[in-house]
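Breakdown of the fold
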Amino acid sequence: MHFHLRAGKPVGAITRGTTNPNRLRRVDRWLAGPQAWRLRRAEDPLVVDLGYGAAPVTAVELFGRLRRVRPDSELIGIEIDPARVEAARPLERAGLSFRQGGFEVPVAGRRPVLVRAFNVLRQYDEEDYLAHWDTVRSRLSEDGLFIDGTCDEIGRRSTWAAIDRHGPVSLSISMRFGAFSLPSDVAERLPKALIHRNVPGENIHRFLLAMDRAWLDAAPLAAFGARQRWTAMCAALAEAGWPLLDSPSRWRLGEVTVAWSAVEPAGTAGLAA
């Protein structure tokens, strides 16, 4: 299903908009960490928080975190509901503003280096996500990245897909130690592109099974803490040939990032290229 952009009309639909303070700390930590080079190198350090919700708290938090990476960065919070935009106006300051819009990313011809959309596309139909990915990535700067993610209510379990101008790049899984029994517990928080694909025969199903097996195999390390066990799990995945894109410095945080090609839904390879 593809969407035709019409001048003046936001692309998308109003969603629930629920949020909580510090809910998106895990993805923010990733953006301000291994992805910080994109912001540092950008000629126009523009960041967009797309669909920030009924309250702009997570947009304000992202602004503060990225300003520590690049002090002149600018964040625009975009919401399709005009009432939410008006409610956020009192929080505007130099470098932080809010406006109405949708997946067309109305930033007056500028090209953002980061676009974060969390808990947004999960409320749309599965058939819609590729068209929205295509719309957003067409707006990105040369080194730009679009983050489509999902997390639980207080951010203990979180996943996100990273999409650049050429298509999807990676899937990240980040969980708080003690908030899961098996890594596959995160399945209910997968991005829209994958949440209905966690079935036998699909790549994401194989990856989550591999995570569970490696986690169980590392059980003897539980005596040394969940961090040691998770790190061993990731090392085993890499040794088994899974194309992990990060290193132990990220694994110790309860995080792992795998190349999208290893988890992409069957029948979609190259569709967003």
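Structure: above.
What you see is a predicted model, and the numbers here were worked out from it, not measured in a lab.

**What about the sheet that holds strand β5 (residues 145-151)?**
Strands sit in the order β3-β2-β1-β4-β5-β6-β7-β8 across an open sheet of eight strands; the sheet is mixed. Each edge of the sheet is formed by a strand with only one pairing partner; in this case those strands are β3 (96-100) and β8 (255-259). Between one strand axis and the next, the sheet turns through 20° on average, direction left out of account. Relative to strand β6 (residues 157-164), β5 runs antiparallel, the two being bridged by six bridges. Bridge pairing in β6 places T150 opposite T159. Its contacts with the sheet place helix α7 (residues 203-217) against β7 (167-175) and β8, and it is angled at close to 30° to β7.

**What about the state of the cysteines?**
Put plainly, two cysteines are in a disulfide when a covalent bond ties their sulfur atoms together. Across all of its chains, the model carries zero disulfides by this definition. We note that C234 lacks a disulfide partner, and the nearest cysteine sulfur, in C151, lies 20 Å from it.

**Brief notes about helix α3 (residues 57-67)**
Of the residues making up α3, those classed as buried are T58, A59, E61, L62, F63, R65 and L66. Packing partners of the buried residues in α3 comprise α1 (25-31), α2 (36-41), β1 (46-50), β2 (74-79), β3 and β4 (114-118).

**Considerations on the packing of aromatic side chains**
Under the counting rule described, the total for this entry stands at ten aromatic pairs. Measuring from centroid to centroid gives 4.9 Å for Y129 and W133, while their planes differ by 75°, and the two rings are edge-to-face. Taken together, the positions of Y129 and W133, both in helix α5 (residues 129-137) and four residues apart, correspond to about one turn of that helix. Measuring from ring centre to ring centre gives 5.6 Å for W133 and W260, while their planes differ by 65°; the resulting arrangement is edge-to-face. Taken as a pair, W133 in helix α5 and W260 in the segment after β8 lie far apart in primary sequence, 127 residues in all. On the basis of relative accessible area, W260 is assigned to the buried category, the value being 4%.

**Re the nonpolar core**
Counting 48 residues, the largest nonpolar core has W133, I173, F207, M211, W230 and V263 as the members making the most contacts within it. Looking at this core, the element that brings in the most residues is α7, giving seven residues. The residues contacting V263, other than those within four sequence positions of it, are L171, L194, N203, I204, F207 and V258. Ranked by size, the runner-up nonpolar core spans 27 residues in total, among them L31, L75, F118 and A162.

Cut-offs and rules
- Per chain, residue numbering runs from 1 following the sequence as it is written.
- Note on the predicted model: pLDDT of at least 70 is required for a residue's local features to be given, and 80 or more for side-chain atom pairs to be given and counted; whole-chain, interface and lining totals, by contrast, use all residues.
- Each side-chain value is worked out from all heavy atoms of the structure, with water and hydrogens disregarded.
- Only strands joined by at least two bridges in the DSSP assignment are considered to pair.
- Strands are runs of DSSP state E lasting at least two residues, helices are runs of H or I lasting at least four, and both sets are numbered from the N terminus onward.
- Working convention: axes come from line fits to C-alpha atoms, limited for helices to the stretch in contact. Angles between N-to-C directions cover 0 to 180 degrees.
- Whether two residues are in contact is decided by their heavy atoms: any pair within 4.5 Å suffices.
- Note on disulfides: each one is a pair of cysteine sulfur atoms within 2.5 Å.
- Accessibility here uses a 1.4 Å probe with only protein chains present; expressed as a share of the type maximum, an area under 20% marks a residue as buried, one over 50% as exposed, and anything in between as partly exposed.
- A pair of aromatic rings is counted whenever rings of Phe, Tyr or Trp (Trp by its six-membered ring) have centres within 6.5 Å, and the orientation is called stacked for planes under 30 degrees apart, edge-to-face for over 60 and tilted otherwise.
- Working definition of a nonpolar core: buried Ala, Val, Leu, Ile, Met, Phe, Trp, Tyr and Cys residues. They are joined through side-chain atoms within 4.5 Å.

All quantities given are derived from atomic positions and should not be read as evidence of function.
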